[in-house]
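The primary structure of each chain is shown beneath.
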Amino acid sequence: MHIGLVGLGRMGNNMRQRLRDHGIEVTGYDPNPAVTDVPDLAALAAALPTPRVVWVMVPSGAVTTSVINDIAAVLEDGDLVIDGGNSKYTVDKPHAHKLGEKGIHFADCGVSGGVWGLANGYGLMAGGDKADIERAMPVFDALRPEGPREEGFVHVGPVGAGHYAKMVHNGIEYAQMQALAEGYELMDANKDLIHDVAGVFEAWQRGTVVRSWLLELLVKALKADPEFQDIRGYVDDSGEGRWTIQEALDHAVPLPTISASIYARFVSRQTDSPAMKAVAALRNQFGGHAVKAAVDGAGS
Ligand SMILES: O=C(O)[C@H](O)[C@@H](O)[C@H](O)[C@H](O)COP(=O)(O)O
(Lines give C-alpha, C1' and ligand atoms only; values in the text may rest on other atoms or scores of the structure.)
Protein backbone atom coordinates (compact mmCIF):
# COMPACT_ATOMS: atom_id res chain seq x y z
CA MET A 1 0.00 0.00 0.00
CA HIS A 2 1.16 3.55 -0.76
CA ILE A 3 -0.27 6.51 1.18
CA GLY A 4 0.26 10.24 1.52
CA LEU A 5 1.11 11.82 4.86
CA VAL A 6 0.63 15.54 5.39
CA GLY A 7 2.48 16.99 8.39
CA LEU A 8 5.92 15.70 9.30
CA GLY A 9 6.41 17.28 12.69
CA ARG A 10 7.20 15.39 15.90
CA MET A 11 4.33 12.94 15.41
CA GLY A 12 4.06 12.77 11.61
CA ASN A 13 7.76 12.21 11.05
CA ASN A 14 7.81 9.26 13.44
CA MET A 15 4.63 7.87 11.89
CA ARG A 16 6.16 8.01 8.42
CA GLN A 17 9.09 6.02 9.75
CA ARG A 18 6.92 3.43 11.50
CA LEU A 19 4.73 2.99 8.42
CA ARG A 20 7.79 2.48 6.22
CA ASP A 21 9.29 0.07 8.75
CA HIS A 22 6.07 -1.94 8.50
CA GLY A 23 5.98 -2.14 4.71
CA ILE A 24 3.73 0.82 3.85
CA GLU A 25 5.07 3.09 1.13
CA VAL A 26 4.72 6.72 2.27
CA THR A 27 5.04 9.99 0.41
CA GLY A 28 5.15 12.80 2.95
CA TYR A 29 4.45 16.49 2.54
CA ASP A 30 5.45 19.22 4.96
CA PRO A 31 6.16 22.90 4.35
CA ASN A 32 9.58 22.30 5.95
CA PRO A 33 11.89 21.50 3.01
CA ALA A 34 14.24 19.58 5.31
CA VAL A 35 11.72 16.79 5.88
CA THR A 36 9.29 16.82 2.94
CA ASP A 37 9.34 14.24 0.13
CA VAL A 38 7.46 16.45 -2.37
CA PRO A 39 7.35 20.23 -2.90
CA ASP A 40 3.58 20.72 -2.50
CA LEU A 41 0.18 19.05 -2.15
CA ALA A 42 -0.33 18.83 -5.90
CA ALA A 43 2.90 16.85 -6.18
CA LEU A 44 1.74 14.65 -3.32
CA ALA A 45 -1.51 13.88 -5.13
CA ALA A 46 0.39 13.16 -8.35
CA ALA A 47 2.70 10.73 -6.55
CA LEU A 48 -0.07 8.56 -5.11
CA PRO A 49 -1.90 5.65 -6.75
CA THR A 50 -5.68 6.14 -7.08
CA PRO A 51 -7.93 5.94 -5.21
CA ARG A 52 -5.63 7.79 -2.83
CA VAL A 53 -5.37 7.54 0.94
CA VAL A 54 -3.96 10.63 2.66
CA TRP A 55 -3.27 10.80 6.39
CA VAL A 56 -3.28 14.33 7.86
CA MET A 57 -1.15 14.83 10.97
CA VAL A 58 -1.04 18.56 11.71
CA PRO A 59 -1.94 20.71 14.76
CA SER A 60 -5.66 20.75 15.53
CA GLY A 61 -7.82 23.80 14.87
CA ALA A 62 -7.20 26.33 12.09
CA VAL A 63 -4.19 24.47 10.65
CA THR A 64 -6.16 21.23 10.20
CA THR A 65 -9.10 23.03 8.60
CA SER A 66 -6.83 24.85 6.20
CA VAL A 67 -5.04 21.62 5.23
CA ILE A 68 -8.42 19.91 4.66
CA ASN A 69 -9.44 22.79 2.38
CA ASP A 70 -6.14 22.71 0.48
CA ILE A 71 -6.21 18.96 0.10
CA ALA A 72 -9.81 19.03 -1.17
CA ALA A 73 -8.49 21.08 -4.07
CA VAL A 74 -5.97 18.44 -5.22
CA LEU A 75 -7.79 15.15 -4.48
CA GLU A 76 -10.59 13.46 -6.43
CA ASP A 77 -13.76 11.44 -6.18
CA GLY A 78 -13.12 8.18 -4.29
CA ASP A 79 -9.99 9.32 -2.42
CA LEU A 80 -9.89 9.00 1.38
CA VAL A 81 -8.58 11.54 3.90
CA ILE A 82 -7.90 10.52 7.51
CA ASP A 83 -7.41 13.22 10.15
CA GLY A 84 -5.08 11.70 12.76
CA GLY A 85 -4.51 14.94 14.69
CA ASN A 86 -6.11 15.88 18.00
CA SER A 87 -9.08 17.63 16.37
CA LYS A 88 -12.22 18.41 18.32
CA TYR A 89 -14.83 15.86 17.25
CA THR A 90 -17.29 18.60 16.26
CA VAL A 91 -15.12 19.68 13.30
CA ASP A 92 -15.07 16.21 11.76
CA LYS A 93 -18.52 16.38 10.17
CA PRO A 94 -17.87 19.81 8.56
CA HIS A 95 -14.54 18.47 7.23
CA ALA A 96 -16.28 15.34 5.90
CA HIS A 97 -18.89 17.57 4.28
CA LYS A 98 -16.30 19.82 2.63
CA LEU A 99 -14.42 16.83 1.18
CA GLY A 100 -17.69 15.07 0.33
CA GLU A 101 -18.59 17.88 -2.09
CA LYS A 102 -15.99 16.33 -4.40
CA GLY A 103 -16.78 12.73 -3.48
CA ILE A 104 -13.70 12.51 -1.24
CA HIS A 105 -14.24 10.26 1.78
CA PHE A 106 -13.22 11.21 5.32
CA ALA A 107 -12.37 9.32 8.49
CA ASP A 108 -11.04 10.57 11.83
CA CYS A 109 -8.56 8.80 14.06
CA GLY A 110 -7.50 9.56 17.61
CA VAL A 111 -3.83 8.67 18.01
CA SER A 112 -2.16 8.10 21.36
CA GLY A 113 1.42 7.25 22.17
CA GLY A 114 3.41 10.44 21.72
CA VAL A 115 7.09 10.23 20.84
CA TRP A 116 7.18 6.60 21.99
CA GLY A 117 4.81 5.52 19.25
CA LEU A 118 7.59 5.01 16.71
CA ALA A 119 9.00 2.12 18.72
CA ASN A 120 5.91 0.95 20.65
CA GLY A 121 3.11 1.64 18.20
CA TYR A 122 0.18 4.01 18.60
CA GLY A 123 -3.17 3.42 20.25
CA LEU A 124 -5.75 4.17 17.54
CA MET A 125 -9.44 5.15 17.75
CA ALA A 126 -11.12 5.49 14.35
CA GLY A 127 -14.38 7.05 13.24
CA GLY A 128 -15.96 6.72 9.81
CA ASP A 129 -17.77 4.43 7.40
CA LYS A 130 -16.97 0.72 7.69
CA ALA A 131 -15.72 0.51 4.08
CA ASP A 132 -13.35 3.45 4.57
CA ILE A 133 -11.97 2.05 7.80
CA GLU A 134 -11.44 -1.35 6.18
CA ARG A 135 -9.67 0.26 3.24
CA ALA A 136 -7.21 1.93 5.60
CA MET A 137 -6.75 -1.17 7.78
CA PRO A 138 -3.19 -1.91 6.54
CA VAL A 139 -2.25 1.60 7.72
CA PHE A 140 -3.91 1.14 11.11
CA ASP A 141 -2.26 -2.27 11.47
CA ALA A 142 1.17 -0.80 10.73
CA LEU A 143 0.72 2.05 13.22
CA ARG A 144 -0.83 0.14 16.12
CA PRO A 145 1.23 -1.84 18.65
CA GLU A 146 2.07 -5.50 18.02
CA GLY A 147 -0.48 -7.90 19.51
CA PRO A 148 -4.21 -8.40 19.11
CA ARG A 149 -5.77 -5.67 16.95
CA GLU A 150 -8.60 -5.05 19.41
CA GLU A 151 -6.06 -4.10 22.11
CA GLY A 152 -4.55 -1.26 20.08
CA PHE A 153 -7.22 -0.27 17.58
CA VAL A 154 -10.95 0.35 17.67
CA HIS A 155 -13.45 1.44 15.04
CA VAL A 156 -15.49 3.50 17.47
CA GLY A 157 -18.40 4.56 15.24
CA PRO A 158 -19.26 7.08 12.51
CA VAL A 159 -17.24 10.18 11.57
CA GLY A 160 -16.33 12.06 14.77
CA ALA A 161 -16.42 9.00 17.04
CA GLY A 162 -12.66 8.44 16.91
CA HIS A 163 -11.85 11.95 18.03
CA TYR A 164 -14.59 11.73 20.67
CA ALA A 165 -12.92 8.63 22.15
CA LYS A 166 -9.54 10.39 22.06
CA MET A 167 -11.04 13.39 23.87
CA VAL A 168 -12.29 11.14 26.67
CA HIS A 169 -8.92 9.34 26.70
CA ASN A 170 -7.19 12.66 27.27
CA GLY A 171 -9.59 13.67 30.03
CA ILE A 172 -8.64 10.44 31.78
CA GLU A 173 -4.97 11.11 31.01
CA TYR A 174 -5.18 14.52 32.76
CA ALA A 175 -6.81 13.00 35.85
CA GLN A 176 -4.36 10.08 36.10
CA MET A 177 -1.40 12.42 35.83
CA GLN A 178 -2.88 14.74 38.43
CA ALA A 179 -3.41 11.87 40.90
CA LEU A 180 0.17 10.66 40.48
CA ALA A 181 1.45 14.21 40.87
CA GLU A 182 -0.53 14.83 44.06
CA GLY A 183 0.79 11.60 45.54
CA TYR A 184 4.29 12.76 44.66
CA GLU A 185 3.82 16.13 46.37
CA LEU A 186 2.43 14.59 49.56
CA MET A 187 5.27 12.10 49.95
CA ASP A 188 7.83 14.74 49.04
CA ALA A 189 6.43 16.94 51.84
CA ASN A 190 7.07 14.13 54.35
CA LYS A 191 10.67 13.25 53.71
CA ASP A 192 11.30 12.46 57.40
CA LEU A 193 9.14 9.43 56.87
CA ILE A 194 9.47 8.80 53.14
CA HIS A 195 13.20 8.90 52.45
CA ASP A 196 13.08 7.85 48.82
CA VAL A 197 9.99 9.11 47.03
CA ALA A 198 11.24 7.98 43.62
CA GLY A 199 11.93 4.57 45.13
CA VAL A 200 8.32 4.24 46.24
CA PHE A 201 7.04 4.98 42.74
CA GLU A 202 9.65 2.63 41.32
CA ALA A 203 8.45 -0.18 43.59
CA TRP A 204 4.86 0.40 42.49
CA GLN A 205 5.67 -0.56 38.91
CA ARG A 206 5.05 -4.27 39.38
CA GLY A 207 2.23 -5.91 41.25
CA THR A 208 0.45 -2.82 42.53
CA VAL A 209 -3.02 -1.71 41.60
CA VAL A 210 -1.72 1.64 40.30
CA ARG A 211 1.00 0.25 38.02
CA SER A 212 0.76 1.99 34.65
CA TRP A 213 2.75 3.57 31.83
CA LEU A 214 2.28 7.04 33.31
CA LEU A 215 3.72 5.73 36.59
CA GLU A 216 6.72 4.36 34.69
CA LEU A 217 7.21 7.73 33.01
CA LEU A 218 7.05 9.45 36.39
CA VAL A 219 9.79 7.15 37.68
CA LYS A 220 11.86 8.01 34.61
CA ALA A 221 11.33 11.75 35.16
CA LEU A 222 12.14 11.52 38.89
CA LYS A 223 15.35 9.63 38.17
CA ALA A 224 16.41 12.34 35.72
CA ASP A 225 15.60 15.21 38.11
CA PRO A 226 14.54 13.94 41.60
CA GLU A 227 13.13 17.27 42.82
CA PHE A 228 12.09 18.55 39.38
CA GLN A 229 14.52 21.36 40.02
CA ASP A 230 14.81 22.26 36.36
CA ILE A 231 11.07 22.31 35.67
CA ARG A 232 8.66 25.11 36.51
CA GLY A 233 5.26 24.02 37.81
CA TYR A 234 3.44 25.46 34.81
CA VAL A 235 1.26 23.21 32.66
CA ASP A 236 -0.25 24.00 29.27
CA ASP A 237 -3.14 22.20 27.64
CA SER A 238 -4.13 21.82 24.04
CA GLY A 239 -7.89 21.68 24.56
CA GLU A 240 -8.87 18.04 24.96
CA GLY A 241 -9.55 18.32 28.70
CA ARG A 242 -11.69 21.42 28.24
CA TRP A 243 -13.73 19.70 25.52
CA THR A 244 -14.26 16.71 27.81
CA ILE A 245 -15.70 18.97 30.51
CA GLN A 246 -17.82 20.86 27.99
CA GLU A 247 -19.32 17.54 26.89
CA ALA A 248 -19.94 16.59 30.50
CA LEU A 249 -21.84 19.82 31.08
CA ASP A 250 -23.90 19.33 27.90
CA HIS A 251 -24.91 15.85 29.04
CA ALA A 252 -25.14 16.61 32.78
CA VAL A 253 -22.56 13.91 33.47
CA PRO A 254 -20.54 14.53 36.65
CA LEU A 255 -16.78 14.56 35.97
CA PRO A 256 -15.38 16.00 39.22
CA THR A 257 -11.95 14.39 38.97
CA ILE A 258 -11.26 15.29 35.34
CA SER A 259 -12.59 18.81 35.99
CA ALA A 260 -10.30 19.25 38.99
CA SER A 261 -7.30 18.16 36.91
CA ILE A 262 -7.85 20.81 34.23
CA TYR A 263 -8.47 23.49 36.86
CA ALA A 264 -5.18 22.47 38.51
CA ARG A 265 -3.44 23.30 35.21
CA PHE A 266 -5.09 26.72 35.12
CA VAL A 267 -3.92 27.38 38.70
CA SER A 268 -0.40 26.40 37.67
CA ARG A 269 -0.31 29.36 35.27
CA GLN A 270 -1.05 31.98 37.92
CA THR A 271 1.68 33.73 39.86
CA ASP A 272 -1.02 34.92 42.25
CA SER A 273 -4.72 34.12 42.43
CA PRO A 274 -7.28 36.89 41.93
CA ALA A 275 -9.89 34.64 43.54
CA MET A 276 -7.76 34.02 46.64
CA LYS A 277 -7.00 37.76 46.87
CA ALA A 278 -10.77 38.27 47.00
CA VAL A 279 -11.14 35.57 49.69
CA ALA A 280 -8.38 37.20 51.76
CA ALA A 281 -10.03 40.61 51.32
CA LEU A 282 -13.44 39.28 52.39
CA ARG A 283 -11.98 37.50 55.42
CA ASN A 284 -10.35 40.79 56.33
CA GLN A 285 -13.63 42.69 55.81
CA PHE A 286 -15.83 40.56 58.03
CA GLY A 287 -13.34 39.31 60.58
CA GLY A 288 -10.48 41.79 60.54
CA HIS A 289 -8.13 38.92 59.68
CA ALA A 290 -4.71 40.02 58.49
CA VAL A 291 -3.88 40.02 54.79
CA LYS A 292 -0.40 39.57 53.37
CA ALA A 293 1.08 42.29 51.17
CA ALA A 294 1.04 41.69 47.44
CA VAL A 295 4.28 40.36 46.04
CA ASP A 296 5.83 42.77 43.52
CA GLY A 297 4.89 41.89 39.99
CA ALA A 298 2.62 39.02 41.06
CA GLY A 299 -0.66 39.81 39.35
CA SER A 300 -2.41 36.78 37.99
O1 LIG B 1 -2.36 10.25 24.07
C2 LIG B 1 -1.40 10.93 23.79
O3 LIG B 1 -0.43 10.55 23.14
C4 LIG B 1 -1.39 12.34 24.26
O5 LIG B 1 -2.62 12.66 24.81
C6 LIG B 1 -1.07 13.28 23.12
O7 LIG B 1 -2.15 13.27 22.23
C8 LIG B 1 -0.67 14.67 23.55
O9 LIG B 1 0.48 14.62 24.32
C10 LIG B 1 -1.75 15.40 24.26
O11 LIG B 1 -2.51 16.06 23.29
C12 LIG B 1 -1.29 16.43 25.23
O13 LIG B 1 -2.42 17.06 25.62
P14 LIG B 1 -2.40 18.37 26.44
O15 LIG B 1 -1.50 19.33 25.70
O16 LIG B 1 -3.79 18.84 26.44
O17 LIG B 1 -1.86 18.02 27.78
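Residues numbered from 1 in each chain as written. Predicted model: local features only at pLDDT ≥ 70, side-chain atom pairs only at ≥ 80, totals over all residues. Heavy atoms only, no water.

- Labelled according to an unreviewed UniProt entry, the chain appears under the name 6-phosphogluconate dehydrogenase, originating from Pseudolysinimonas kribbensis.
- Among the UniProt annotations of the chain, the heading Sequence similarities (unreviewed entry) holds the following wording: "Belongs to the 6-phosphogluconate dehydrogenase family." (UniProt positions renumbered as here; feature names shortened; annotations may be inferred.)

## Some words on the packing of aromatic side chains
Phase 1: Tallied over the entire structure, the rule returns seven aromatic pairs.
Phase 2: Here the aromatic rings of Trp55 and Phe140 are separated by 6.0 Å at their centres, their planes lie at 70°, and the arrangement is edge-to-face. Residue Trp55 is found in strand β3 (residues 53–56), and its partner Phe140 is found in helix α7 (residues 137–143); the two are separated by 85 residues along the sequence.
Phase 3: On the accessibility criterion, Trp55 (1% relative accessible area) is buried.
Phase 4: Here a set of aromatic residues connected by ring pairs shows up, and it is made of Trp55, Phe140 and Phe153.
Phase 5: Over the aromatic face of Tyr174 sits the side chain of Arg265, whose NZ or CZ is 3.6 Å from the ring centroid. (Phe/Tyr/Trp six-rings, centres within 6.5 Å; stacked < 30°, edge-to-face > 60°. Helix = DSSP H or I, 4+ residues; strand = E, 2+ residues; numbered from the N terminus. Buried < 20%, exposed > 50% of the residue type's maximum accessible area, 1.4 Å probe, protein only. Lys NZ or Arg CZ within 6 Å of the ring centre and 35° of its normal.)

## Here we look at the packing of helix α8 (residues 161–188) against helix α11 (residues 240–250)
Phase 1: The contact between α8 and α11 brings their axes to 8 Å, and the two run at 105°. The orientation of α8 relative to α11 falls into the category roughly perpendicular. The segment α8 lies against α11, with Tyr164, Lys166, Met167, Val168, Asn170, Gly171 and Tyr174 engaging Glu240, Gly241, Trp243, Thr244 and Glu247.
Phase 2: Taken together, the residues that form the contact of α8 with α11 break down as five nonpolar, four polar and three charged. (Axes fitted to C-alpha atoms, helices over the stretch in contact; angles between N-to-C directions. Parallel < 35°, antiparallel > 145°, perpendicular 65-115°, else oblique. Contact = heavy atoms within 4.5 Å. Nonpolar A, V, L, I, M, F, W, Y, C, P; charged D, E, K, R; others polar.)

## Some remarks on the pattern of salt bridges
Phase 1: Tallied over the full model, the rule gives 15 salt bridges.
Phase 2: Linking Lys130 and Glu134 is a salt bridge whose minimum nitrogen-to-oxygen distance equals 3.2 Å. In this pair, Lys130 and Glu134 are both assigned in helix α6 (residues 130–135), four residues apart and thus about one turn of the helix distant.
Phase 3: Since its relative accessible area comes to 57%, Lys130 is described here as exposed.
Phase 4: Residue classification places Glu134 among the partly exposed positions, given a relative accessible area of 46%.
Phase 5: Overlapping salt bridges, with partners in common, bring together Arg16, Arg20 and Asp37 in one network. (Salt bridge = Lys/Arg side-chain N within 4 Å of Asp/Glu carboxyl O.)

## Focus on the pairing of strand β2 (residues 25–29)
Phase 1: Taking burial as the measure, the five residues of β2 include four buried ones, the bulk of the element.
Phase 2: Alignment of strand β1 (residues 2–6) against β2, held across five bridges, turns out to be parallel. Bridge assignment links Leu5 to a residue of β2, and that residue is Gly28.
Phase 3: Traced from β1 through helix α1 (residues 10–21) to β2, the parallel crossover comes out right-handed. (Pairing = 2+ DSSP bridges. Right-handed = clockwise from strand over helix to strand, strands pointing away.)

## Some words on the domain arrangement of the chain
Phase 1: Annotation of the chain at the domain level lists domain 1 (2–157) and domain 2 (166–297).
Phase 2: Here domain 1 and domain 2 have C-alpha centroids that lie 33 Å from each other.
Phase 3: Listed per partner, the contact involves eleven residues of domain 1 and ten residues of domain 2.
Phase 4: Buried area between domain 1 and domain 2, summed over both chains or domains, comes out near 890 Å², and the portion from carbon and sulfur atoms is 62%.
Phase 5: It is Asn86, Lys88 and Trp116 in domain 1 that bury the most area against domain 2; as a group they hold 51% of the surface buried on that side.
Phase 6: Seen at the junction of domain 1 and domain 2, the total is zero salt bridges.
Phase 7: In this assembly, domain 1 and domain 2 are joined by four residue pairs in polar contact (both at pLDDT 80 or more).
Phase 8: Among the elements that take part in the side of domain 1 that touches domain 2, strand β5 (residues 105–112) stands out by supplying three residues, more than any other.
Phase 9: For the side of domain 1 that touches domain 2, the class distribution of residues is four nonpolar, six polar and one charged. (Domains from an automatic or database assignment. Buried area = accessible area lost by both parts, 1.4 Å probe. Polar contact = N/O pair within 3.5 Å; in protein donor to acceptor, adjacent residues only side chain to side chain.)

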